[in-house]
Structures are given as C-alpha cells and as structure tokens.
Amino acid sequence: MNYSFGTRAVPRAADSEVVIRVLRSYEVLALMEATPGLSDLLTEAIEHAVLVFGISASLFVLEPDDDDGSLFLTIQTDLSVDEAHHLLDDVFDDWWLQHCNRAGGKLAVGLSFA
C-alpha cells in the first residue's frame, strides 16, 4: 500500500479507499521529523488496521496530542462498539504489542464511530 499524508484518498481496493486526515499538519510533521522511524511505524499501523478492519475503517485521523506531545491515530468505523473494540484488540495483540516500543511513547491508537 502507498500512503501520502494529507486529505487525499489512498487506494485500497478496486471499490474502496482509505482517507487519512491530518489535523494541525505542521505539528504532526515536526513530531515525525523529530522522532526517527515514527512515520514508518505510522504507515505500518495504518496498513495493519486496514487489514484487520477491512472496509469498515475508511477514515483515519492523525492529530497531535496536546497533553504529552505525541500523535494520536483514530480509526473511524461504522461497526458496533463491541465489534470495533474486538478488532482493535486484534490489532493490539497481533501487531501493536510487538512494535509499540518503536514509537517511543509518541503514538497512540484509538477508535471513533461514524
């Protein structure tokens, strides 16, 4: 998968797409530049979430977290709360727990509901 950050749609399949919306992009880019490997980890996180959530995750929002100077990646989905939390647990168990140390505390992942 190829991703470019901004508000552009990213091809995922013939009939679906993923949109990554970046809020306060200057702050996001500054943090990504200051944290080696964060952009690669972010791309991998989105790719894994797309694999787990499928077409039910069509929008990702990336924004700075004012409280601790990290990035927060929100997966927006139209699934039920229970289904979405189950899939997020799968993301954490299958991928995030093995890679979260690479984030250096600078990336968190959560859900929002459409």
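Residues numbered from 1 in each chain as written. Predicted model: local features only at pLDDT ≥ 70, side-chain atom pairs only at ≥ 80, totals over all residues. Heavy atoms only, no water.

## Overview of the overall build of the protein chain
To keep things clear, this is the line we draw: To qualify as a helix, a DSSP run of H or I must reach at least 4 residues; to qualify as a strand, a run of E must reach at least 2; elements of each kind are numbered from the N terminus. Burial classification: accessible surface area is computed with a 1.4 Å probe over protein chains only, and a residue below 20% of its type maximum counts as buried, one above 50% as exposed, and the rest as partly exposed. Whether two residues are in contact is decided by their heavy atoms, any of which lying within 4.5 Å being enough.
Looking only at helices and strands, one finds three helices and five strands in the protein chain. Out of the 114 residues in the protein chain, the part that is buried amounts to 40%. In the protein chain, the share of contacts with a sequence separation of at least 24, taken over all contacts with a separation of at least 6, comes to 65%.

## Observations regarding the packing of aromatic side chains
Working definition: an aromatic ring pair is given by the centre-to-centre distance plus the angle between the planes. Applicable threshold: Planes of paired rings set the category: under 30 degrees apart is stacked, over 60 is edge-to-face and the rest tilted, where pairs are Phe, Tyr or Trp rings (Trp by its six-membered ring) whose centres lie within 6.5 Å.
A complete count under the given rule lists one aromatic pair for this structure. Plain terms: the ring middles of W95 and W96 are 5.9 Å apart, the flat faces sit at 35° to each other, and that makes the pair tilted. Taken individually, W95 and W96 each receive the classification buried, so the pair is uniform in this respect.

## Points about the side chain of H48
With respect to the helices, strands and loops of the structure, H48 is situated in helix α2 (residues 38-53). The residues contacting H48, other than those within four sequence positions of it, are V91, D94 and W95.

## Section: the packing of α2 against helix α3 (residues 81-99)
For clarity, the threshold we go by: Structural elements are reduced to axes, namely lines fitted to C-alpha atoms, with helices fitted over the stretch in contact, and the angle between N-to-C directions of any two is expressed from 0 to 180 degrees. Small angles under 35 degrees read as roughly parallel and large ones over 145 as roughly antiparallel, with 65 to 115 read as roughly perpendicular and the rest as oblique. The crossing is said to be left-handed when, going from far helix to near helix, the turn is anticlockwise and less than a right angle, and right-handed when the turn is clockwise. Classification used: nonpolar for Ala, Val, Leu, Ile, Met, Phe, Trp, Tyr, Cys and Pro, charged for Asp, Glu, Lys and Arg, polar for all others including Gly.
As a packed pair, α2 and α3 sit with axes 10 Å apart at the nearest point and diverge in direction by 140°. For the element pair α2 / α3, the angle class is oblique. α2 and α3 meet at a crossing whose hand is right-handed. Side by side, α2 and α3 meet where L41, E44, A45, H48, A49, V52 and F53 of the first sit next to A84, L87, L88, D90, V91, D94, W95, W96 and H99 of the second. The residue inventory of the contact of α2 with α3, partitioned by class, reads 11 nonpolar, two polar and three charged.

## Looking at the environment of S58
Within the secondary structure layout, S58 lies in strand β3 (residues 57-65). Distance in space between the C-alpha atoms of S58 and T77 is 6.8 Å, their sequence separation being 19 residues.

## Brief notes about α3
Spelled out, the test is: Here the expected span of a helix is defined as 1.5 Å times the quantity of residues minus one. The seven residues ending at a residue and the seven starting there each receive a fitted axis; the angle between those axes is the bend at that residue.
Taking 1.5 Å as the rise per residue, α3 with 19 residues should run 27 Å; its terminal C-alpha atoms sit 25 Å apart, in good agreement. A maximum bend of about 45° is found in α3 at D93. Those residues of α3 not exposed but buried are A84, L87, L88, V91, W95, W96 and H99. Residues of α3 that are buried in the fold lie against α2, β4 (70-77) and β5 (107-113).

## Description of the nonpolar core
Filter applied, for reference: What we call a nonpolar core is a set of buried Ala, Val, Leu, Ile, Met, Phe, Trp, Tyr and Cys residues that are connected through their side-chain atoms within 4.5 Å.
If you look at the biggest cluster of nonpolar residues, it comprises 30 residues, and the most contacted ones within it are F53, F60, L71, L73, I75 and L107. Mapped onto this core, the elements with two or more residues apiece are β2 (16-22), α1 (25-34), α2, β3, β4, α3 and β5. At eight residues, the largest contribution of residues to this core is made by α2. In contact with L107, not counting residues within four places along its chain, are L38, L41, L42, S70, L71, L73 and W96.

## Details of unusual backbone geometry
Its identity as a non-glycine residue notwithstanding, R24 has a phi of 50°, on the positive side. Take R24: it is sitting in the loop between β2 and α1. When its relative accessible area of 37% is taken as the criterion, R24 is described as partly exposed.

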